[in-house]
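Overview (structure and organization)
Here are the chains, one letter per residue:
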Amino acid sequence: LDNRGYCSCGVKSDCRVGGRLTGQYCNCDSLSKFQDVEDEGNFTIKEHLPVRAVNFMGKVLKNSVTALLRVGHLRCQGFGSHEIAATFRKPYSYLSVFHPDQPFDNVQAGEISFDFKTSEAYNYMTVAHAIGPFSGDYIKIMIWSKTMMRVHLNLGFGDLKQDVDISRTGRTLDDNEWHEFSVMFNPKEMNVTLDGVRMIQGLPLQAEPVFFNVDATPVYIGGSYHDIFGFVGCIRSLYVNGRIFDISNLAVGKENEGIYSGCGSACPLLNRPCNYGECMDQYDSFKCNCSVSPFGGKFCQNETRPMTFGGGSYISYNMVNVNHTRPLATAKIVIGFKTTTPNHNM
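Rules used in this analysis
Residue positions are counted from 1 within each chain, in the order its sequence is given. Two thresholds apply to this predicted model, a pLDDT of at least 70 for residue-level local features and 80 or more for giving and counting side-chain atom pairs, whereas whole-chain, interface and lining totals are computed over all residues. Excluding hydrogens and water, the side-chain values take into account all heavy atoms of the structure. Buried Ala, Val, Leu, Ile, Met, Phe, Trp, Tyr and Cys residues that are joined via side-chain atoms within 4.5 Å together make up what is termed a nonpolar core. When accessible area is computed with a 1.4 Å probe and restricted to protein chains, residues below 20% of their type maximum are described as buried, those above 50% as exposed, and intermediate ones as partly exposed. A run of H or I in DSSP counts as a helix once it spans at least four residues, and a run of E counts as a strand once it spans at least two, with each numbered from the N terminus. Two residues qualify as a contact provided that any one of their heavy atoms is within 4.5 Å of a heavy atom in the partner residue. Throughout this description, the term salt bridge denotes a Lys or Arg side-chain nitrogen within 4 Å of a carboxyl oxygen of Asp or Glu. Two aromatic rings, drawn from Phe, Tyr or Trp (for Trp, its six-membered ring), form a pair once their centres lie within 6.5 Å of each other, and the interplanar angle then sorts them: stacked below 30 degrees, edge-to-face above 60, tilted otherwise.

The name given to the protein in an unreviewed UniProt entry is Laminin G domain containing protein, and the organism recorded there is Clytia hemisphaerica.

Here it is, written out as structure tokens:
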């Protein structure tokens, strides 16, 4: 996908077939019978866009090759889109996102993509929803468990469901780290990707052309008025059919609804709520990790194992015998104390 005709693996010199490096420009250059090979990547040279035609060239094995090509929506990306974000702190909070050129009205293909992070993941948590009140068409994106998301899609011929599970990656959706999600659909298939794990479902072929239409209604982000279990966390870089939606500005002034502009959190807004402990953000609340402080209790407000010293008493602590998971370059020591005698060595 560069000006030399290399695919993504060719640019990285990592083209493989059956796990073996081939040294080719593309995985498909090593095509032979009874093999499934795939190439993918992004067009990053402006002069090559937009894509208007696709030609299959080179060696072709007659009567033994089936090819499937997908070209995604044109999308401008960059770190600037990471700043376009909104935080949803309550399960009933959501944004109605509307674009004058409604990208989901009478289209044959659609895409929604965004990044998100959360500390809450449970069944039926709605992240995004669009529905046509007259057409009956809809798309609904949900967090279904700690490792799985589910998409419901109706193009006019019944509910279609696709799950994508990231358990094999060792990650969970409630780890408060960024996750990448996208769903693309057309009359032939639905393609759902979560953190690089992709699931593709072929759709039933229809005799007549199929169009997706939400009747000029908004796309609901963070939940919808239909649902009581909405998303709690932060969403950024929301694209609908290649258009980025400025949810950061839409969130301004909606603090009473539990929506905040940007990826804010409860901890920075409060003045050291955990005493000397670690404040762990949960968006609509917080909890304290007191193991890193000399205090205990829900908010690290209680003294733990206090000791009383006379003028000549002391205790020693051997730092060498502590098992560290990695070498220490610095050490932080926190001591809480009270005394009535000043001017002494502690």
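**Digging into the nonpolar core**
F104, F116, I139, I141, M149 and F181 are the most contacted members of the largest nonpolar core, which totals 47 residues. Looking at which element gives the most residues to this core, the answer is strand β6 (residues 125-131), with four residues. Leave out the neighbours within four places in its chain, and I141 touches I112, F114, M125, T126, V127, A128, M149, R150, V151, F181 and V183. Residues C274, C288, C290 and F295 belong to the second largest nonpolar core, which totals five residues.

**Concerning the environment of F104**
Residue placement: F104 occurs in the loop between β4 (95-97) and β5 (110-117). Sequence spacing of F104 and Y138 is 34 residues, and the spatial spacing of their C-alpha atoms is 9.9 Å. Once residues within four sequence positions are removed from consideration, F104 is found in contact with G110, E111, I112, A130, I139, F185, F212, N213, V214, V219, V240 and N241.

**Concerning the pattern of salt bridges**
This structure, assessed with the given rule, holds six salt bridges. In this structure, R236 engages D115 in a salt bridge whose closest nitrogen and oxygen atoms are separated by 3.2 Å. With R236 in strand β14 (residues 233-240) and D115 in strand β5, this pair connects stretches of sequence that are 121 residues apart. When the shortest N-O distance is used, the salt bridge between K146 and D174 registers 2.6 Å. Of this pair, K146 sits in the loop between β7 (138-143) and β8 (148-154) while D174 is found in the loop between β9 (159-165) and β10 (179-185), placing the two residues 28 residues apart along the sequence.

**Some details on the packing of aromatic side chains**
Counting across every chain of the model gives six aromatic pairs. For the ring pair F88 and F231, a centre distance of 6.4 Å and an interplane angle of 70° mean the geometry is edge-to-face. One end of the pair, F88, is in strand β3 (residues 85-88); the other, F231, is in the loop between β13 (219-221) and β14, with 143 residues separating them in the sequence. Both residues of the pair, F88 and F231, belong to the buried class. In this structure an aromatic cluster arises from ring pairing among F88, F114, F116, F181 and F231.

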